[in-house]
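Residue-level structure breakdown
These are the residues of each chain, in order.
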Amino acid sequence: MSRKLPRLTCTARVDLPVVEASGLASRMVDGELAVIVVGDRTADVGTGRFLPDEGLTDWRLTDLSEIDGWELPPDDSQLEAVAVDGGSLVALMREDPPVVLVADTARSRVVARITLTVPEGSPLGDGWDDPSSRGEGLVMLRGGRLLVAKEKRPAALIEFGPRGTSAGGLSHDDFLDDGEEWDTPEGEVEFVANAVWRLKGRAKKTFRDISDLAVGGDKTLWLLSDQSATLGHLILDRPLPAEGGKIGSIGEAWRLPKGTVKPEGVVSLGNGQILIAIDTKQETDNGMIVELPPSATRSGDPADG
């Protein structure tokens with residue numbers, strides 16, 4: 001990969017109905033793509049439809065502070081990421097304290113509060129103790145596990161699972177299919193960091209931090225960097241091993257359009273279109289759609305070390 005990355009072009013600016021947008025997710029609902037957005041200021045979750053001919057439309061807001069079991073203040077949620085399954089679950093991650101709240105929208109209540117912990121002797125060292133550099137990206141994995149992006153110091157991907165379970169590693173087969181439900185726990189539980197994959201080499205130079213994660217339709221993993229204003233993907237043709245390790249390279253990566261400041265959320269819209277959420281104090285012009293070049297290919301091998 002050349003150090004001078006090609007730059008993406010913004011094809012549309014969009015309005016996302018939350019302030020300080022910090023995370024995006026998507027799922028298929030009745031054959032249409034539903035896009036979910038959260039911000040780190042309020043407890044609102046915005047859900048809209050993406051139609052290829054119309055773009056993002058029909059936004060509606062859900063105030064999570066009104067559902068049973070919600071524990072965060074409605075005006076200072078500090079939500080850093082959102083993940084959804086193929087059913088009715090929405091998982092929301094907070095950085096400090098490091099917890100994931102799992103809400104069942106069908107039952108309108110919080111079903112689980114997951115505390116994320118790192119054991120002694122972890123490759124992260126004391127990096128998880130820094131309240132300003134914990135989880136920034138979240139993906140649900142099969143087997144009731146979670147994939148978390150640690151923002152920086154060090155930037156890493158972490159597999160979390162219920163205490164007492166073993167790591168499974170990461171491959172295409174670990175991502176949920178459309179319509180597949182996540183095996184959620186119930187009540188107060190603890191998830192432990194079972195595997196850590198730190199960025200190194202070219203990957204570390206390309207991504208100074210990781211601000212969000214998203215799974216593409218081809219089961220690649222998209223990474224977004226705020227500090228580098230860069231988008232890229234892990235191909236996972238070689239699975240990341242259960243014993244952990246290092247990620248030395250990224251399949252492909254691109255610089256975001258010039259002037260992009262504080263990109264905090266990413267989601268694939270299909271057909272080479274990617275939605276980026278921008279952290280601003282307004283609900284207008286806080287999202288952009290970028291289009292991948294026709295030459296984009298599934299090349300490269302992210303696993304190294």
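Definitions and cut-offs
- Residues numbered from 1 in each chain as written.
- Predicted model: local features only at pLDDT ≥ 70, side-chain atom pairs only at ≥ 80, totals over all residues.
- Heavy atoms only, no water.
- Pairing = 2+ DSSP bridges.
- Helix = DSSP H or I, 4+ residues; strand = E, 2+ residues; numbered from the N terminus.
- Axes fitted to C-alpha atoms, helices over the stretch in contact; angles between N-to-C directions.
- pLDDT = per-residue confidence, 0-100.
- Contact = heavy atoms within 4.5 Å.
- 1 Å grid on protein atoms, 1.4 Å probe; cavity = no way out; pocket = protein on both sides within 12 Å on 5 of 7 lines; lining within 4 Å.
- Points joined across faces, edges and corners; volume = space filled by probe spheres on them.
- Nonpolar A, V, L, I, M, F, W, Y, C, P; charged D, E, K, R; others polar.
- Buried < 20%, exposed > 50% of the residue type's maximum accessible area, 1.4 Å probe, protein only.
- Lys, Arg positive; Asp, Glu negative; His and termini not counted.
- Salt bridge = Lys/Arg side-chain N within 4 Å of Asp/Glu carboxyl O.
- Polar contact = N/O pair within 3.5 Å; in protein donor to acceptor, adjacent residues only side chain to side chain.
- Phe/Tyr/Trp six-rings, centres within 6.5 Å; stacked < 30°, edge-to-face > 60°.

1. Comments concerning the sheet that holds strand E1 (residues 9-14)
Taking strand neighbours across the sheet as the criterion, the 4 strands line up as E1-E21-E20-E19 in an open arrangement whose pairing is antiparallel. Taken across any chain shown, the strands that pair with only one partner, and hence form the sheet edges, are E1 and strand E19 (263-270). The sheet shows a mean angle of 25° between the axes of neighbouring strands, taken without regard to direction.

2. Re the confidence of the model for the protein
Averaged over every residue, the pLDDT of the protein is 92; residues scoring 70 or more account for 95%. Within the model, the stretch residues 297-305 combines pLDDT values under 50 with 32 contacts to residues more than four positions away or in other chains.

3. A short note on the layout of surface pockets
Its volume calculated, the largest pocket comes out at about 630 Å³. Ser26, Arg27, Asp178, Val215 and Gly216 are the residues nearest the centre of the largest pocket, which is lined by 31 residues in total. At the level of elements, strand E2 (21-29), strand E6 (79-84), strand E10 (135-141), strand E14 (212-215) and E19 are the ones that each hand at least two residues to the lining of the largest pocket. Along the lines of polarity and charge, the residues of the lining of the largest pocket split into 18 nonpolar, 7 polar and 6 charged. Estimates place the volume of the second largest pocket at around 350 Å³. For the second largest pocket, the lining is made up of 17 residues, of which Arg27, Ala34, Ile36, Thr47 and Arg60 are closest to its centre.

4. A look at the environment of Leu236
Structurally, the position occupied by Leu236 is in the loop between strand E16 (230-234) and strand E17 (245-247). Each C-alpha atom, one on Leu236 and one on Leu223, is 13 Å from the other, the two residues being 13 residues apart in sequence.

5. Details of the side chain of Asp209
Structurally, the position occupied by Asp209 is in the loop between helix H1 (201-206) and E14. Within the buried core, Asp209 has no salt-bridge partner, and the shortest N-O distance to an opposite charge, that of Lys152, equals 6.0 Å. Of note is the side chain of Asp209, whose polar atom sits 2.7 Å from the side chain of Ser225. Within the structure, the side chain of Asp209 is placed 3.1 Å from the backbone nitrogen of Gln227, a separation counted as a polar contact. Once residues within four sequence positions are removed from consideration, Asp209 is found in contact with Glu151, Lys152, Ala155, Leu224, Ser225, Asp226, Gln227 and Ser228.

6. Points about the pattern of salt bridges
Following the criterion strictly, the structure yields 21 salt bridges and no others. Through salt bridges with shared partners, one network takes in Glu20, Arg41, Asp76 and Lys281.

7. Regarding the sheet that holds strand E5 (residues 55-63)
Ordered in space as E2-E3-E4-E5, the 4 strands form an open sheet in which the pairing is antiparallel. Sheet topology places E2 and E5 at the edges, where each strand pairs with a single neighbour. In this sheet, neighbouring strand axes are inclined to one another by 25° on average, regardless of whether the strands run parallel or antiparallel. As defined by bridge partners, E2 adjoins strand E3 (residues 32-39) across 8 bridges and the pair is classed as antiparallel.

8. Some points on the pairing of strand E12 (residues 156-162)
Counted residue by residue, E12 has 6 buried out of 7 residues, so it is predominantly covered. By the bridge criterion, 5 bridges tie strand E11 (residues 145-150) to E12 in an arrangement that is antiparallel. By the bridge assignment, Leu147 is partnered in E12 with Glu159. In this structure, the hairpin formed by E11 and E12 is closed by a connection of 5 residues, where Arg153 is found at a positive phi of approximately 50°. Relative to strand E13 (residues 187-199), E12 is paired through 7 bridges, and the arrangement is antiparallel. From the neighbouring strand, Ala156 faces E13, where its bridge partner is Arg198.

9. Remarks on the packing of aromatic side chains
This structure, assessed with the given rule, holds 2 aromatic pairs. Measuring from centroid to centroid gives 5.6 Å for Trp128 and Phe160, while their planes differ by 45°, and the two rings are tilted. Residue Trp128 is located in the loop between strand E9 (109-117) and E10, and its partner Phe160 is located in strand E12; the two are separated by 32 residues in the primary sequence. Given the relative accessible area of 6%, Trp128 is considered buried. Assessed through its relative accessible area of 0%, Phe160 is described here as buried.

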